[in-house]
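# Coordinate analysis (summary)
Single-letter residue listing:
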Amino acid sequence: MSVAEAPGRAEPREAAASRLSRKIDWRVFAFVTLLLVLLYQVAIPFLMIVWTSLKTVRPGEPDFITLTFSLSNYVRAFSSSSFWTAAWNTLLFAGASTVVSFVLGAFIAWVVERTNTPLARFIGTMMVARIIVPGILITVSWILLASPNIGILNLVARDLFGVRNFFNIYSFGGMVWVHSIEMVPLTYLLLSASFQSMDPRLEEASTMVGANNWRTFRRIAMPLAMPAIGAALLLLFVTTIETFEVPLLMGGRARFRVFTTEIFQTTSRTPVDWGLSSTYSVALLALSILLLVIYFRLLRHGESYQTITGKDFRPRRIDLGRWRYFTCALSLLLVFIITGVPLLVMIYASLLPNWQAPGIETFKSMTFANYDSLFSTPAVLMPMLNSTLVGIGTATIVVLIVAMISYFVHKTQFRGRRMLDYLAFAPIAIPSVILGATFLWFYLILPVPIIGTLTIIGLAYLTKYMPFALRFVSNSMMQIHRELDEAAQVAGVPWHRNFFKVMLPLLKPGLLAAWFWVMVHAYRELTVALMLARSQNRTAAVLILDYWEQGSFLKLSAFGVIMFLALLVIVVLSNMLGKRYGVREQY
Amino acid sequence: MISVAGLGKTFQSKSETVHAIRDVSFEVAAGEIVTLLGPSGCGKTTTLRCVAGLEKPTAGSIFINDRPVVDSKHDVFVPPHKRNLGMVFQSYAIWPHMNVLENVAYALEGRGMSKADMRAEAMRALDTVQMAHLSDRPAPRLSGGQQQRVAIARALVGRPQALLFDEPLSNLDAKLRMEMRKELRRLQLQIGLTSIYVTHDQSEALAISDWIILMKDGQIVERGRPVDIYCRPKKVFTAQFLGATNLFPGTLVALDGQRARVQGPHGDLIGVLSDPELRIGAPVQVSVRPEAIRMASSLGGTGQADANQIAGRLELAVFAGNAVEADVRVGEAKVLCLLDHDADLKADRDVVLTFAAEDTLVLANE
Ligand SMILES: Nc1ncnc2c1ncn2[C@@H]1O[C@H](COP(=O)(O)OP(=O)(O)OP(=O)(O)O)[C@@H](O)[C@H]1O
Ligand SMILES: [Mg+2]
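Residues numbered from 1 in each chain as written. Chains lettered and ligands numbered in written order. Predicted model: local features only at pLDDT ≥ 70, side-chain atom pairs only at ≥ 80, totals over all residues. Heavy atoms only, no water.

## Comments concerning the overall build of chain B
A tally of helices and strands in chain B yields 8 helices and 21 strands. Per-residue burial over chain B gives 53% buried out of 366 residues. Within chain B, contacts between residues separated by at least 24 positions form 66% of all contacts whose residues are at least 6 apart in sequence. When the accessible surface of chain B is split by element, carbon and sulfur atoms take 49% of a total near 16,600 Å². Of the charged side chains in chain B, 41 are positive and 43 negative; the average position of the first set lies 6 Å away from that of the second. (Helix = DSSP H or I, 4+ residues; strand = E, 2+ residues; numbered from the N terminus. Buried < 20%, exposed > 50% of the residue type's maximum accessible area, 1.4 Å probe, protein only. Contact = heavy atoms within 4.5 Å. Areas by Shrake-Rupley, 256 points an atom, 1.4 Å probe, with all protein chains shown as cover. Lys, Arg positive; Asp, Glu negative; His and termini not counted. Charge placed at Lys NZ, Arg CZ, Asp CG, Glu CD.)

Written out as structure tokens, the structure reads:
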């Protein structure tokens, strides 16, 4: 190389180097910011619960932030019988609901994925579609259906057979039934994925060596499905111990108190018993962490079974012969009970001038009066708008943050990137009641005036929904080859440009799935919103609870129908928007 | 030993009806290995799965050792676990929750054997495939070749009446495939087990089989010994599927015993008549394997009376290790030749291709 050439060559290289350094700065900046945000968001609930449980004064008092601790709250909780009753009830309720929803969900998943039952696709779609029906509406509709004295089924039974109060939904059995029905779609989703990925060749190989169906089921199919089944059972159990709607609406009259209702009661009655409430929370949190640790163990165990997969994979459906009409009818009945009944009850009640059992007279008297009166009350509009704002806003921010997290975790070599993953995933262990309570307490201390605004709800939701969104996005991030990002780096494209122009578009399917999931759940969420509710930031689900407490079931039903329709419109519209921009969603 | 007659299988779905196989009949004699060969989707796996009992055929019958296992006319269907067959799947289907020994020993369960006997039998089977030293290894930690051996041991251990293989080598890399191919053949000759073997790889089929059955679109095209079916195919499809071949269209104009004269755009060609049904005036295809062709730079005496000669232009010649591959343009057609590796590689010159009449086959046009 000649000397004269050298400077000319060196210049672009230098420019490239400076571009490189600028780009790395940006990435480091983004990484550190993300880490701090996560630390802040995730540390609040964990720190606040433990801290409060060790304090004898309430958050906001000067002594709360000093370093004097006491175990008196624990002594108080452990020596009271209501703590142990709540603990026992929680386990009992969770155990029973897990079993019931598992049996129903597993049956439907098996019918849809592994048999030649007619209408299998439709049954599967209806199961998944149920997630847009708010949980509180399901609970309310079953109460309207089977509560003593006013329940539709009881009224019909009285008129037809003269029996009084045949059903009593305000009972342990009733609570288990309603909550199980609500969880069946989740069970279905958890199991249908693993039923799909089971290699039918493994069972056929067993048949070929002379094992009959029973032996094949016992020695091959069951052991192989065990990790997935165990994981599903655990997740259902954890979901139940954290659940709130059913214990809140039904537990009182059924005289059945669980941890979540105890926590809610102790924080919502005056004077608030912060210490006791946080002690209950610590117990509940410890339980869910324990279960989740086992859950992840099982999942990893299950993955080790999936290392062998064949090329000639072809799903095998069991030919049920004539029985397939039976399984079809039974599944349709279940779908009707799970998805159809709540909606029908809501619609029915919303059209009544006053509460009565169905009959010709009733149908004649139906009016839209409830809707009219709703639309003429301006107070109704606000919660609707709040839910929409919180749903869409939370979903968008969560998805962006989660996309960055999974980018750093899966596509870069930063030290500490695993930390992001763990931090974003940890909140899965925090029950909603606790999440709501701790955010409230924290901002009672912090001189930032966001209590009573949508911002505080959004912040809590950010923590709550990150873990779920992260699963969706990580899966599609892992499918994008690292070289795509590296190519952009080598070409000298600034990092943020590359992230928005290359990564996000490639991630679209995963992002969209996550966005829908978060939007729907944030829109209909009750527990956190209730804990953080003041007059201005009440959401639609909180308003429903208000109507419930006032005893205005008919208005409630009309509002429920509108809420469901609004959510449906949002889902359909954003789905269309997504399609318009070239996204075909996976779910 | 195994006899399949008039087998048919139709898959019915909402949108379409797939005739996966139609009127498939063949016999497998005791101790022989018969290969079902054909392009992807031609119905090999379906045929094999019908024999195994994993698929219920819609027509036809299957007899194993003179016992009917399927007879769609008399509604006979013996379920797979009562047929006493061994099967090696394409994906091997090794049970991931068991170790190597357990995978093999499981095949002996339900026969009233003691645990110790089962273990001993399983170890013997593992020994046959040289896997005894890995008997404690968990199944997910086996390499592809090792999984394949375990799958074979598992299929062998119950002393089945016959073995069924569905593309057992297609998941292995090229080198291992060559080794395992020979080893499978050795094992089969040693044990003398009746086998049906499915593959879409023609060289594998040629190497491993006693008989080859060639399939296309769910039907049998042709069957024969490997040498015969390769050297003297009866159908154009067979000639094309089993290795490369050059085809020249034409009309049959004269017959002299086995010798046939064909007139076409490339002049008169003389070859062996493969199909005795052919009559004068029939449209035919003349097939010549690339390795049967010699190349010279001018027309001239070949020393043989009935040698064929075609003039063409050498477009490209490349060195391919054991031979020189040459593309020669003859009119519209391109002819592939495999020449000695000392051949002249200079391209863009006029050449004359010569091939003996006994290396030339006259096939019915399809
Ligand atoms: N369960 C099924 N439902 C519908 N069609 C099927 C089914 N199984 C096979 N087929 C169809 O039947 C035909 C034959 O399939 P088969 O698996 O026997 O092919 P193959 O010869 O084994 O192919 P390959 O070499 O790719 O394994 C194909 O067209 C296939 O699509
Ligand atoms: Mg196949």
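## Quick look at the domain arrangement of chain A
Residue and element names in this part refer to chain A. Domain annotation of chain A identifies domain 1 (1-53 + 373-480 + 510-587) and domain 2 (72-361). Summarising the inter-unit geometry, the C-alpha centres of domain 1 and domain 2 are found 26 Å apart. Contacts between domain 1 and domain 2 engage 37 residues on the former and 46 residues on the latter. Across the domain 1/domain 2 interface, buried area totals approximately 3,500 Å², and carbon plus sulfur atoms make up 81% of it. Of all residues in domain 1, the largest losses of buried area upon contact with domain 2 belong to Arg524, Trp548 and Leu554, amounting jointly to 18% of the total for that side. A salt bridge links Arg524 to Glu182, with the nearest nitrogen and oxygen atoms 3.8 Å apart. Counting the contacts that link domain 1 with domain 2 gives 6 residue pairs in polar contact (both at pLDDT 80 or more). (Domains from an automatic or database assignment. Buried area = accessible area lost by both parts, 1.4 Å probe. Salt bridge = Lys/Arg side-chain N within 4 Å of Asp/Glu carboxyl O. Polar contact = N/O pair within 3.5 Å; in protein donor to acceptor, adjacent residues only side chain to side chain.)

## Notes on the packing of aromatic side chains
This model, assessed by the stated rule, comprises 38 aromatic pairs over all chains. Between A:Tyr74 and A:Phe78, the aromatic rings sit 6.1 Å apart at their centres with planes inclined by 55°, giving tilted as the arrangement. Placement of both A:Tyr74 and A:Phe78 in helix α2 (residues 72-78) is noted, with a separation of 4 residues, approximately one turn of the helix. Judged by relative accessible area, which is 16%, A:Tyr74 ranks as buried. Taken together, A:Tyr74, A:Phe78, A:Phe83, A:Trp84, A:Phe259 and A:Tyr280 form an aromatic cluster joined through their ring pairs. Over the ring of A:Phe425 we find A:Arg471; its NZ or CZ atom is 4.3 Å from the centre of that ring. One Lys or Arg, B:Arg289, reaches over the ring of B:Tyr230 and ends 4.2 Å from the middle of that ring. (Phe/Tyr/Trp six-rings, centres within 6.5 Å; stacked < 30°, edge-to-face > 60°. Lys NZ or Arg CZ within 6 Å of the ring centre and 35° of its normal.)

## Observations regarding the sheet that holds strand β9 (residues 195-199) of chain B
Residue and element names in this part refer to chain B. As summarised here, the arrangement of the 6 strands in space is β7-β8-β9-β3-β10-β11, forming an open sheet in which the pairing is mixed. Edge positions in the open sheet fall to β7 (85-88) and β11 (219-224), since each of these has one partner strand only. Mean inter-strand twist for the sheet, computed between neighbouring axes without regard to direction, equals 20°. Of the strands in this sheet, β7 and β8 (162-166) touch helix α4 (residues 144-157), which is tilted by about 175° from β7. (Pairing = 2+ DSSP bridges. Axes fitted to C-alpha atoms, helices over the stretch in contact; angles between N-to-C directions.)

## Comments concerning the side chain of B:Thr45
Tracing the backbone shows B:Thr45 in helix α1 (residues 44-52). Polar side-chain contacts of B:Thr45 include one of 3.4 Å to the side chain of B:Asp166.

## Some thoughts on the nonpolar core
Residue and element names in this part refer to chain A. In this structure, Ile108, Trp142, Leu249, Met250, Ile405, Phe408 and Phe559 are the most contacted members of the largest nonpolar core, which totals 182 residues. When residues in this core are grouped by element, the largest group, 17 residues, is from helix α21 (residues 495-524). Summarising the domain contributions, this core has at least three residues from each of domain 1 (1-53 + 373-480 + 510-587) and domain 2 (72-361). Ignoring any residue separated from it by four or fewer positions in sequence, one finds Phe408 in contact with Arg27, Ala30, Phe31, Leu34, Phe414, Arg417, Leu420 and Trp495. (Core = buried A, V, L, I, M, F, W, Y, C linked by side-chain atoms within 4.5 Å.)

## Quick word on the interface of chain B and chain A
For interface size, the figure often reported is the accessible area lost on association. Each partner contributes residues to the interface: chain B has 29 residues there, and chain A has 25 residues. In total, about 2,600 Å² of surface goes out of reach between chain B and chain A, with carbon and sulfur atoms giving 61% of it. The largest share of the area that chain B buries against chain A comes from B:His81, B:His97 and B:Tyr106, three residues that together contribute 24% of it. Along the contact surface separating chain B from chain A lie 3 salt bridges. In this structure, A:Glu204 engages B:Arg49 in a salt bridge whose closest nitrogen and oxygen atoms are separated by 2.7 Å. Joining chain B to chain A, the criterion identifies 6 residue pairs in polar contact (both at pLDDT 80 or more).

## So, the packing of helix α8 (residues 200-208) of chain A against helix α9 (residues 213-242) of chain A
Residues and elements named next belong to chain A. With their axes 10 Å apart at the nearest point, α8 and α9 run at an angle of 160° to one another. Taken together, the axis directions place α8 and α9 in an arrangement best described as roughly antiparallel. α9 is crossed by α8, and the crossing has right-handed handedness. Between α8, through Leu202, Glu203, Ser206 and Thr207, and α9, the contact on the second element is made entirely by Thr216, Ile220, Ala221 and Leu224. Across the contact of α8 with α9, the residue classes tally to 4 nonpolar, 3 polar and 1 charged. (Parallel < 35°, antiparallel > 145°, perpendicular 65-115°, else oblique. Left-handed = near helix turned anticlockwise from the far one by under 90°. Nonpolar A, V, L, I, M, F, W, Y, C, P; charged D, E, K, R; others polar.)

## What to know about the pattern of salt bridges
Pairs can form between side chains of opposite charge whenever their charged atoms are close. Residue and element names in this part refer to chain A. On inspection of all chains with the given rule, the structure shows 26 salt bridges over all chains. Between Glu203 and Arg114 there is a salt bridge whose closest N-O contact spans 3.6 Å. Residue Glu203 is located in helix α8, and its partner Arg114 is located in helix α3 (residues 81-114); the two are separated by 89 residues in the primary sequence. We classify Glu203 as buried; its relative accessible area is 12%. Take Arg114: its relative accessible area is 8%, and that puts it in the buried class. Between Arg257 and Glu262 there is a salt bridge, with its nearest N and O atoms 3.1 Å apart.

## Observations concerning the sheet that holds strand β14 (residues 267-273) of chain B
Residues and elements named next belong to chain B. Taken together, 5 strands build a closed barrel; the order of strands is β12-β13-β14-β21-β15 and the barrel is mixed. When the angles between neighbouring strand axes are averaged without regard to direction, this sheet yields 55°. Pairing of strand β12 (residues 246-256) with strand β13 (residues 259-264) involves 5 bridges; the strand directions are antiparallel. Within β13, the position partnered with Ala254 by the bridge is Arg261.

## Thoughts on the domain arrangement of chain B
By domain assignment, chain B separates into domain 1 (2-236) and domain 2 (244-250 + 285-360). Inter-centroid distance (C-alpha atoms) of domain 1 of chain B to domain 2 of chain B is 41 Å.

## A short note on the confidence of the model for chain A
All names here are of chain A. This prediction gives chain A a mean pLDDT of 85; 92% of its residues lie at or above 70. Low pLDDT, under 50, characterises residues 1-11; the stretch is placed with 1 contact to residues that sit more than four places away or in other chains. Per-residue pLDDT stays below 50 along residues 307-312; that stretch engages in 16 contacts with residues further than four places along the chain or on separate chains. (pLDDT = per-residue confidence, 0-100.)

## Some thoughts on the site of ligand 1
All names here are of chain B. Around ligand 1, the surrounding shell holds 12 residues, and the nearest of these are Ser40, Gly41, Lys44, Thr45 and Thr46. Separating an oxygen atom of ligand 1 from a backbone N or O atom of Gly43 is a distance of 3.0 Å. In the model, an oxygen atom of ligand 1 is placed 2.7 Å from a nitrogen or oxygen of the Lys44 side chain. Protein chains bury 69% of the 630 Å² of accessible surface belonging to ligand 1 in isolation. Every element with two or more residues in the shell around ligand 1 is listed here: β2 (17-28) and α1. (Near = heavy atom within 4 Å.)

## Some words on a nonpolar patch on the surface
Residues and elements named next belong to chain A. Together, Leu153, Leu160, Phe161, Val163, Phe166 and Phe167 line one region of the surface with nonpolar side chains, adding up to about 620 Å² of accessible area. Mapped onto the elements, Phe167 comes out in the loop between α6 (152-161) and α7 (172-196). With relative accessibility at 34%, the residue Phe167 sits in the partly exposed group. (Patch = residues over 30% accessible without salt bridge, like charges linked within 9 Å, V, L, I, M, F, W, Y side chains within 5 Å.)

## Some words on empty space enclosed by the protein
All names here are of chain B. Inspection of the entire model under this criterion finds 1 cavity of 30 Å³ or more. Its volume calculated, the largest cavity comes out at about 50 Å³. Forming the boundary of the largest cavity are Leu156, Leu163, Phe165, Leu184, Leu187, Gln188, Ile191, Leu193 and Ser195. Those elements that provide at least two residues to the lining of the largest cavity are β8 and α5 (174-191). Partitioned by chemical class, the residues of the lining of the largest cavity number 7 nonpolar, 2 polar and no charged. (1 Å grid on protein atoms, 1.4 Å probe; cavity = no way out; pocket = protein on both sides within 12 Å on 5 of 7 lines; lining within 4 Å. Points joined across faces, edges and corners; volume = space filled by probe spheres on them.)

## Some points on the side chain of A:Thr98
Residue and element names in this part refer to chain A. Checked against the element boundaries, Thr98 lands in helix α3. For Thr98, a relative accessible area of 4% corresponds to the buried category. Beyond its immediate sequence surroundings of up to four residues, Thr98 is in contact with Met183, Leu233, Leu236, Phe237 and Thr240.

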